[in-house]
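Close look at the chain arrangement
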Amino acid sequence: MSDSSSQIQFNNLPEKPENTKAWQLRLQRWMGQLDQQLGPPNDIMLIPTENELPDVVVVVYHNWQQPERTLSLTFGVSECHEQANGQYLPELALLVDSTSTKWSEYLGYLVVWMRTFEPFQVGSTFDMSAPFAFPSLMDGFVLDSLDDSLAKDFPKFKMLTFKLKYLQAIPIYRLEQQLLMKAGLNKFKAFPGFEPYNVLRPNIAESITQN
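Bear in mind the structure is a predicted one, so any value in this text is a computation, not a measurement.

What follows deals with the overall build of the protein. The secondary structure content of the protein amounts to 7 helices and 8 strands. Across the 211 residues that make up the protein, the buried fraction comes to 49%. Taking all contacts inside the protein whose residues are at least 6 apart in sequence as the whole, residues at least 24 apart take part in 63%. Of the roughly 10800 Å² of accessible surface on the protein, a fraction of 50% belongs to carbon and sulfur atoms.

Another aspect to go through is the packing of aromatic side chains. Scanning all chains against the criterion turns up 7 aromatic pairs. Centroid distance tryptophan 30 to phenylalanine 75: 5.1 Å. Interplanar angle 25°. Geometry classified as stacked. In this pair, tryptophan 30 sits in helix H2 (residues 21–38) while phenylalanine 75 sits in strand E3 (residues 70–75), placing the two residues 45 residues apart along the sequence. For tryptophan 30, a relative accessible area of 0% translates into the label buried. Among the aromatic residues, ring-to-ring pairing joins Trp103, Tyr106, Phe132 and Phe141 into one connected group.

Moving on, we get to the pattern of salt bridges. With the rule as written, the count across this model stands at 6 salt bridges. For the salt bridge of lysine 102 with glutamate 105, the shortest nitrogen-to-oxygen distance reads 3.7 Å. Residue lysine 102 and its partner glutamate 105 are located together in helix H3 (residues 102–114), separated by 3 residues, close to a single helical turn. For lysine 189, the salt bridge identified is with aspartate 144, shortest N-O distance 2.5 Å.

Below, the discussion takes up the confidence of the model for the protein. Averaged over every residue, the pLDDT of the protein is 83; the share at 70 or more is 83%. Ranking the elements of the protein by mean pLDDT puts helix H1 (residues 3–11) last, at 44, and helix H6 (residues 185–190) first, at 95.

What follows covers the nonpolar core. Counting residues in hydrophobic clusters, the biggest one holds 27 residues, and the most contacted among them are Leu92, Leu94, Trp103, Leu110, Phe132 and Leu143. If you tally residues by element for this core, the top one is H3, at 6 residues. Setting aside residues no more than four positions away along its own chain, tryptophan 103 makes contact with Leu94, Val96, Ser98, Phe132, Ala133, Ser136, Met138, Pro171 and Val199. Grouped together as the second largest cluster of nonpolar side chains are 25 residues, Trp30, Leu38, Tyr61 and Leu71 included.

What follows deals with unusual backbone geometry. In this chain, phenylalanine 134 is followed by proline 135 through a cis amide linkage whose omega measures 10°. The topology assignment puts proline 135 in the loop between strand E5 (125–127) and strand E6 (140–145).

Before going further, it helps to examine the pairing of E3. Counting buried residues in E3 gives 6 out of 6 residues, a clear majority hidden from the surface. Two elements, E3 and strand E4 (residues 88–96), share 4 bridges in a ladder whose sense is antiparallel. When the bridges of E4 are listed, threonine 70 appears paired with valine 96.

What follows covers the environment of glutamine 177. Its place among the elements puts glutamine 177 in helix H5 (residues 177–183). With relative accessibility at 13%, the residue glutamine 177 sits in the buried group. For the pair glutamine 177 and phenylalanine 188, spaced 11 residues apart in the sequence, the C-alpha separation amounts to 9.8 Å. The contacts of glutamine 177, once residues within four sequence positions are left out, are Thr125, Phe126, Asp127 and Ile172.

Residues Tyr109, Trp113 and Met114 make up a contiguous nonpolar surface patch of about 310 Å² in total accessible area. Tracing the chain through its elements places methionine 114 in helix H3.

Analysis parameters
- Residues numbered from 1 in each chain as written.
- Predicted model: local features only at pLDDT ≥ 70, side-chain atom pairs only at ≥ 80, totals over all residues.
- Heavy atoms only, no water.
- Helix = DSSP H or I, 4+ residues; strand = E, 2+ residues; numbered from the N terminus.
- Buried < 20%, exposed > 50% of the residue type's maximum accessible area, 1.4 Å probe, protein only.
- Contact = heavy atoms within 4.5 Å.
- Areas by Shrake-Rupley, 256 points an atom, 1.4 Å probe, with all protein chains shown as cover.
- Phe/Tyr/Trp six-rings, centres within 6.5 Å; stacked < 30°, edge-to-face > 60°.
- Salt bridge = Lys/Arg side-chain N within 4 Å of Asp/Glu carboxyl O.
- pLDDT = per-residue confidence, 0-100.
- Core = buried A, V, L, I, M, F, W, Y, C linked by side-chain atoms within 4.5 Å.
- Pairing = 2+ DSSP bridges.
- Patch = residues over 30% accessible without salt bridge, like charges linked within 9 Å, V, L, I, M, F, W, Y side chains within 5 Å.

And the structure:
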């Protein structure tokens, strides 16, 4: 990791008990691995919390794999867990066909709003109640394991003695949640029209109702 990216991040850390040298060391080590495996990020966001939980960092890679595709990664979910589940700690990844920074911001806010002392689970849905980034009308997320096209190029991270396991946050329409819960995640992903990175795809629930 370059000294400049580290300094930019640490200069913006609020004065909180959790932002100790140990927390900064974990963050620095994680960002160093990102630099080595993915290259320097285009942007680094700090999403402050209003409670005593550690803050959320989101790193953003524009034009990842192809033009106008953005990859966002969080650091902060894993910091709120007292125990590791299966010797790994969770984080979130978001890949979208969009250059809007709003997607990355909402990913950070998703962590701030929804994280608890239980790891995020595959199939969990989150309703944000408002569209994330115009012209997309998507206003929800579902969590899934990394799909094959993302996992094959995705680095394996290790933080101190624990591995980080990334879950993929897939944007969906809020009105698709009922259909998703009824059909199950795998069947939902098999419906015609589902494209995990296309933030302008039609609403599957509406398409099925109309047909």
